[in-house]
Amino acid sequence: AEYAWWRAHNLRPEQLDYAVNLGICVAAQHRFADAEKIYESVLVRNPAHFNALLQLGICWLLMKNYGNAKQILLRAWQLNSKDASLLRHLGLVSLTLGEKNAAANYFKALLDVRPGNQDDQIDYALLLLDMEDWNALQAQRDYLQTLECPTARVKQYLPVIDNALVNCVLH
């Protein structure tokens, strides 16, 4: 795949998406510094290229450059605040930086974008559990219990959430 995107990029350098896709292939091989250069070259030509901003933010997140990751992801958020991948990664970088309220806001926004996604639902619930936001957690747990076909992950964590809610009432 890398060679195909490299060739496409070299044949049509004006197609910036080809370069971004090449960067994705390079990053998938854990060659993050090389991918970073590719994304940055796209942004030199188009500073508002959403996917280049997103992928550079993800790349920096994986390189543990959390401050820069957050800044570039926020630039992407200004272009498209409803992108699910962007919201998830903004939530993750905020969580990594210890900004739990910001992370909760991004995960809550993600639920608005993908309301039926059970992984998003349980991730938000687990964040609420960590934040000890018992009222919001109760509402989220009530919703999760109404799912007709819960995933194995939801089934795994519902008892944990139930136990935490019971213990918070006891204390």
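### Points about the overall build of the chain
- Secondary structure summary: the chain contains 10 helices and zero strands in total.
- N-terminal to C-terminal, the α/β element order of the chain is α-α-α-α-α-α-α-α-α-α.
- Summarising its shape, the C-alpha atoms of the chain cover approximately 65 × 30 × 25 Å along the three principal directions.
- The burial tally for the chain puts 40% of its 171 residues in the buried class.
- For the chain, long-range pairs separated by at least 24 residues make up 44% of all intrachain contacts whose partners lie at least 6 apart in sequence.
- Carbon and sulfur atoms provide 53% of the accessible area of the chain, an area that totals close to 9400 Å².
- Of the side-chain charges in the chain, 16 are positive and 18 negative, and the distance between the mean point of each set is 5 Å.

### Observations regarding helix 2 (residues 16-28)
- Compared with the 18 Å implied by 1.5 Å per residue over 13 residues, the 19 Å span of helix 2 between its first and last C-alpha is a close match.
- Taken together, the buried positions of helix 2 are Leu16, Ala19, Val20, Leu22, Gly23, Cys25, Val26 and Ala27.
- Looking at the packing, one finds that the buried side of helix 2 touches helix 1 (2-11), helix 3 (32-45) and helix 4 (50-62).
- Immediately beyond the C-terminal end of helix 2, within one or two residues, lies His30, with a positive phi of roughly 65 degrees.

### Describing the nonpolar core
- In terms of nonpolar packing, the biggest core is built from 50 residues, with Tyr39, Ile72, Leu73, Leu86, Leu137, Leu144 and Ile161 touching the most fellow members.
- Looking at which element gives the most residues to this core, the answer is helix 4, with nine residues.
- Dropping the residues within four chain positions of it, Leu144 is found in contact with Gln121, Ile122, Ala125, Val154, Leu158 and Ile161.

### Focus on the packing of helix 6 (residues 84-96) against helix 7 (residues 100-113)
- Running from N to C, helix 6 and helix 7 cross one another at 160 degrees; their axes reach a closest spacing of 8 Å. Taken together, the axes of helix 6 and helix 7 are roughly antiparallel relative to one another. Here helix 6 and helix 7 pass one another in a crossing that is left-handed. Touching Ala84, Leu87, Arg88, Leu90, Gly91, Leu92, Ser94 and Leu95 of helix 6 are Lys100, Ala102, Ala103, Tyr106, Phe107, Ala109, Leu110 and Val113, all from helix 7.
- When the residues that make up the contact of helix 6 with helix 7 are grouped by side-chain class, the tally is 12 nonpolar, two polar and two charged.

### Thoughts on unusual backbone geometry
- At His30, a residue that is not glycine, the phi angle is positive and equals roughly 65 degrees.
- Along the polypeptide, His30 turns up in the loop between helix 2 and helix 3.
- Residue Lys64 is not a glycine yet carries a positive backbone phi of 65 degrees.

### Comments concerning the pattern of salt bridges
- As enumerated under the stated definition, the model contains 11 salt bridges in all.
- The closest approach of N and O atoms between Asp34 and Arg31, which form a salt bridge, is 3.3 Å.
- Note on Asp34: relative accessible area 33%, which makes it partly exposed.
- Two residues, Asp130 and Lys100, come together in a salt bridge whose shortest N-O distance is 2.8 Å. Here the residue Asp130 occupies a position in helix 8 (residues 118-131), and Lys100 occupies one in helix 7, the gap between them amounting to 30 residues.
- Judged by its relative accessible area of 45%, Asp130 falls in the partly exposed class.
- The partly exposed category is assigned to Lys100, whose relative accessible area is 35%.
- Through salt bridges with shared partners, a single network forms among Arg88, Arg114, Asp119, Asp120, Asp123 and Arg153.

Scoring rules and cut-offs
Residues numbered from 1 in each chain as written. Predicted model: local features only at pLDDT ≥ 70, side-chain atom pairs only at ≥ 80, totals over all residues. Heavy atoms only, no water. Helix = DSSP H or I, 4+ residues; strand = E, 2+ residues; numbered from the N terminus. Buried < 20%, exposed > 50% of the residue type's maximum accessible area, 1.4 Å probe, protein only. Contact = heavy atoms within 4.5 Å. Areas by Shrake-Rupley, 256 points an atom, 1.4 Å probe, with all protein chains shown as cover. Lys, Arg positive; Asp, Glu negative; His and termini not counted. Charge placed at Lys NZ, Arg CZ, Asp CG, Glu CD. Expected span 1.5 Å × (residues − 1). Core = buried A, V, L, I, M, F, W, Y, C linked by side-chain atoms within 4.5 Å. Axes fitted to C-alpha atoms, helices over the stretch in contact; angles between N-to-C directions. Parallel < 35°, antiparallel > 145°, perpendicular 65-115°, else oblique. Left-handed = near helix turned anticlockwise from the far one by under 90°. Nonpolar A, V, L, I, M, F, W, Y, C, P; charged D, E, K, R; others polar. Salt bridge = Lys/Arg side-chain N within 4 Å of Asp/Glu carboxyl O.

Everything listed here is a matter of coordinates, which is why it stays silent on function.
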